[in-house]
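Geometric and topological summary
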Amino acid sequence: EAQVTQNPRYLITVTGKKLTVTCSQNMNHEYMSWYRQDPGLGLRQIYYSMNVEVTDKGDVPEGYKVSRKEKRNFPLILESPSPNQTSLYFCASSLGRIGQPQHFGDGTRLSIL
Amino acid sequence: KNEVEQSPQNLTAQEGEFITINCSYSVGISALHWLQQHPGGGIVSLFMLSSGKKKHGRLIATINIQEKHSSLHITASHPRDSAVYICAAVGDKIIFGKGTRLHILP
């Protein structure tokens, strides 16, 4: 089954404790992206990757890192999480950035205390 | 002013009604993406279009590039269509509208 898998689905942690949200897709997609969704602000792009070893900043990259060492994986790293990073996070993938529908993971709800 | 505006913000309708959700954007785009977010939070891609019209089942999406406007129509609406519908302008960046919350009453 074609899917984008995010882990964990839920996480409560404390300020400053490094965490990684994993994202994996099994569709051989080149394009992968991370978004955060906040009430009143909607979805905003954090980082995206056009292919292996190619990553770029979205609208709200501050406080986040990503890597794309393999085509299928695109982890989101919070080196020193802060409460303003409490949000619902989505990973998505598609064949390309333009003209191709994105497949979304189920979301990760992060609470930073 | 937001670069992608959706209207209405909220919409309640009776089962069977014809639904229209609007999306206007002020940025240059290569494509316009319509998404559906279920009450449980999952997001599904409905349409990606750069011109004209696309149809899938009871859903129709149109775009007018000159007017920078897109519409999502639902014919013969059903309670299972209740969800948040989000448009996204895909250009140099991907910019999302804030969504339209649709509630279809049985």
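See the structure shown above.
Our subject in this report is the structure included herewith. Predicted model only: the values in this text are computed from it and were never measured.

With respect to the overall build of chain B
- A count of helices and strands for chain B gives zero helices and 11 strands.
- Each helix (α) and strand (β) of chain B, taken in turn from the N terminus, gives the series β-β-β-β-β-β-β-β-β-β-β.
- Relative to the globule expectation of 13 Å for 106 residues, the C-alpha radius of gyration of chain B, 13 Å, shows essentially globular dimensions.
- Expressed along its principal axes, the backbone C-alpha trace of chain B runs to roughly 40 × 25 × 20 Å.
- Taking all 106 residues of chain B together, the buried fraction comes to 46%.
- Counting contacts in chain B only where the partners sit at least 6 residues apart, residues at least 24 apart contribute 53% of the total.
- Carbon together with sulfur atoms contributes 49% to the accessible area of chain B, which is approximately 5,100 Å² in total.
- Measuring between centres, the 10 positive side-chain charges of chain B sit 4 Å from its 7 negative side-chain charges.

Observations concerning the interface of chain A and chain B
- Taken together, the 17 residues of chain A in the interface contact 17 residues of chain B.
- Overall, the association of chain A and chain B removes approximately 1,500 Å² of surface from exposure, summing both partners, and the carbon and sulfur fraction of that is 59%.
- Sorting the residues of chain A by area buried against chain B places Leu43(A), Arg97(A) and Phe104(A) first, and these three jointly supply 33% of that buried surface.
- Applying the counting rule to chain A against chain B returns two residue pairs in polar contact (both at pLDDT 80 or more).
- The residue makeup of the side of chain A that touches chain B, split by class, is eight nonpolar, six polar and three charged.

Points about the state of the cysteines
Residues and elements named next belong to chain A.
- Tallied over the full model, the rule gives two disulfides over all chains.
- Covalent S-S linkage joins Cys23 and Cys91, the inter-sulfur distance amounting to 1.8 Å. Taking the sign of the S-S torsion, -75 degrees for the link of Cys23 and Cys91, the bridge is left-handed. With Cys23 in strand β3 (residues 19-25) and Cys91 in strand β9 (residues 87-94), the pair connects residues that are 68 residues apart, well separated along the chain. In this structure, Cys23 and Cys91 share a single accessibility class: buried.

Here we look at unusual backbone geometry
- In this chain, Asn7(A) is followed by Pro8(A) through a cis amide linkage whose omega measures -5 degrees.
- By secondary structure assignment, the location of Pro8(A) is in the loop between β1 (4-7) and β2 (10-13).
- Along the chain, Ser7(B) connects to Pro8(B) via a cis peptide bond; the corresponding omega equals -10 degrees.
- As for its placement among the helices and strands, Pro8(B) is situated in the loop between β1 (4-7) and β2 (10-14).
- The backbone of Glu53(A) shows a phi angle near 65 degrees, a positive value even though the residue is not glycine.

The rules we used
Numbering of residues starts from 1 in every chain and runs along the sequence as written. Here every chain gets a letter starting at A, and every ligand a number starting at 1, in the order they are written. Only residues with pLDDT of at least 70 are given local features in this predicted model, and only at 80 or more are side-chain atom pairs given and counted; all residues enter the totals for whole chains, interfaces and linings. The side-chain numbers reported here are obtained from all heavy atoms of the structure, hydrogens and water having been left aside. Segments assigned H or I by DSSP are reported as helices when at least four residues long, segments assigned E as strands when at least two residues long, and all are numbered from the N terminus. C-alpha atoms define the radius of gyration in this analysis, and the globule rule sets the expected value at 2.2 Å times the number of residues to the power 0.38. Remark: exposure states derive from per-residue accessible area (1.4 Å probe, protein chains only) relative to the maximum for the residue type, with buried under 20%, exposed over 50%, and partly exposed in between. Contact criterion: two residues are considered in contact whenever any of their non-hydrogen atoms come within 4.5 Å of each other. Note that accessible areas follow from Shrake-Rupley with a 1.4 Å probe, and for residues the cover is restricted to the protein chains shown. As used throughout, the charge tally considers Lys and Arg to be positive and Asp and Glu to be negative, leaving His and the chain termini uncounted. Where a charge sits is defined by one atom per residue type, namely NZ (Lys), CZ (Arg), CG (Asp) or CD (Glu). What counts as buried area is the accessible surface, traced by a 1.4 Å probe, that two parts surrender upon association, with contributions from both included. Nitrogen and oxygen atoms within 3.5 Å of one another constitute a polar contact, given that in protein one can donate a hydrogen and the other can accept it, and given that sequence-neighbouring residues count only through two side-chain atoms. Under the scheme applied here, ten amino acids are nonpolar (Ala, Val, Leu, Ile, Met, Phe, Trp, Tyr, Cys and Pro), four are charged (Asp, Glu, Lys and Arg), and all others, including Gly, are polar. When two cysteine sulfur atoms are found within 2.5 Å, that pair is recorded as a disulfide.

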